[in-house]
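# Residue-level structural notes
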Amino acid sequence: MDKTMKILDQIDLWLEKIEKTIGTILLIVMSIAAFVQVIFRYVLEMSIMGTEELARYCMIYLVFLGTALAVYRKSHISLDALTTIIKNQTILKVLMYFLDVVAFFVMIVFSVWSWEYLVYAIQSGQKTVDLEMPYWIPISSLFVAGIFSCWHLIVRLLKGFLSFIQNKNVIEDVGEGA
């Protein structure tokens with residue numbers, strides 16, 4: 001089982017690198033588009049069509065990719081009330097594991113919904129206003145983030161479950177910040 005977890009960890013790490021690389025590229029494109037728009041609008045007193053829309057769709061993708069990265073790093077916004085109230089670490093870790101299970105099912109529902117929305121966007125053939133790119137491209141950010149988040153949660157849940165059945169500190173690292 002350790003070999004399986006190493007493979008899953010490698011895939012998880014590889015996906016995180018892909019997410020960060022795509023996020024970096026999107027941030028650069030978004031910044032350049034916004035900079036060009038500002039220069040053209042306020043210095044040259046003319047506007048380039050599509051730069052605002054390009055920056056907007058890059059930002060949308062960044063937000064949803066950031067969601068998947070936050071799942072990977074266990075860095076979503078959370079309340080620490082449970083850690084203050086519950087002093088028993090075993091109970092706390094089991095509860096955090098349960099919350100990860102709930103998050104996984106929420107992301108499954110989100111992924112299914114976003115897949116249906118993506119299929120609808122592809123079938124409708126809509127295009128964006130300025131760039132006239134297929135509308136499904138920005139919509140795909142929902143599905144991509146959902147799939148990446150589900151994968152990260154699966155790996156985290158498997159790690160927790162395997163550590164539990166191997167009786168290693170009950171459920172280690174589940175729900176704790178990275």
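In case you missed it, the structure is sitting above this.
Numbers given to residues run from 1 along each chain, matching the order in which its sequence is written. Since the coordinates come from a predicted model, pLDDT governs what is reported: local features require at least 70, and pairs of side-chain atoms require 80 or more to be given and counted, while whole-chain, interface and lining totals use all residues. As a convention, hydrogens and water are excluded, and side-chain values are obtained from all of the structure's heavy atoms.

### Things to note about helix α4 (residues 89-124)
For clarity, the cut-off: Counting from the N terminus, the helices are the DSSP runs of H or I reaching at least four residues and the strands are the DSSP runs of E reaching at least two. The length a helix should cover is 1.5 Å for every residue beyond the first. Only protein chains enter the area calculation, which uses a 1.4 Å probe; residues under 20% of their type maximum are buried, those over 50% are exposed, and those in between are partly exposed. By definition, residues are in contact when any of their heavy atoms lie within 4.5 Å. Contacts described as polar in this section are N or O atom pairs within 3.5 Å, which, within protein, must combine one atom able to donate a hydrogen with one able to accept it, while residues neighboring in sequence count only if both atoms come from side chains.
End to end, α4 covers 51 Å across 36 residues, agreeing with the expected 52 Å (1.5 Å per residue, within 8%). Turning to α4, its buried residues number three or more, namely Leu92, Lys93, Met96, Tyr97, Asp100, Phe104, Met107, Ser111, Ser114, Leu118 and Ala121. The secondary structure elements touched by the buried residues of α4 are α3 (81-85) and α5 (136-165). You can read the cap of α4 off the contacts: a side-chain oxygen lies 2.9 Å from the backbone nitrogen of Thr90, and it is on Asn88. Where α4 terminates, the next one or two residues include Gly125, which has phi positive at roughly 70 degrees.

### Some details on the pattern of salt bridges
Test applied: Take a side-chain nitrogen of Lys or Arg and a carboxyl oxygen of Asp or Glu: if they are within 4 Å of each other, that pair is a salt bridge.
On inspection of all chains with the given rule, the structure shows five salt bridges. Residue Asp9 is joined to Lys159 by a salt bridge in which the shortest nitrogen-to-oxygen separation is 3.1 Å. With a gap of 150 residues between them, Asp9 in helix α1 (residues 2-43) and Lys159 in helix α5 connect regions that are remote in the sequence. Residue Lys159 is classed as partly exposed on the basis of its relative accessible area of 39%. Lys20 serves as the salt-bridge partner of Glu16, at 3.5 Å between the closest nitrogen and oxygen. Of the two residues, Glu16 and Lys20 both sit in helix α1, four residues apart, roughly one turn of that helix. Linked by salt bridges that have partners in common, Glu16, Lys20 and Arg73 make up one network.

### A few points about helix α2 (residues 51-73)
Given a rise of 1.5 Å per residue, 23 residues ought to cover 33 Å, and the 32 Å separating the end C-alpha atoms of α2 matches this to within 8%. Within α2, burial applies to Thr51, Glu53, Ala55, Tyr57, Cys58, Tyr61, Leu62, Leu65, Ala68, Leu69, Ala70 and Val71. Those residues of α2 that are buried lie in contact with α1 and α5.

### Regarding the packing of aromatic side chains
Operational definition: Only the six-membered ring of Trp is used, alongside the rings of Phe and Tyr, when aromatic pairs are assigned; centres must lie within 6.5 Å, and planes under 30 degrees apart are stacked while those over 60 apart are edge-to-face, with the rest tilted. Two limits define a charge over a ring: the Lys NZ or Arg CZ must be within 6 Å of the ring centre, and within 35 degrees of the ring normal.
Applying the stated criterion to the full structure yields five aromatic pairs. Ring geometry for Phe104 and Phe105: centres 5.6 Å apart, planes at 65 degrees, overall edge-to-face. Looking at Phe105, the relative accessible area reads 51%, which means it is exposed. Through successive ring pairs, a cluster of aromatic residues spans Phe64, Phe110, Trp113 and Tyr117. One residue, Arg56, lies across the ring of Tyr57, its end atom 5.8 Å from the ring centre.

Interpretation in functional terms is not warranted from these geometric data alone.
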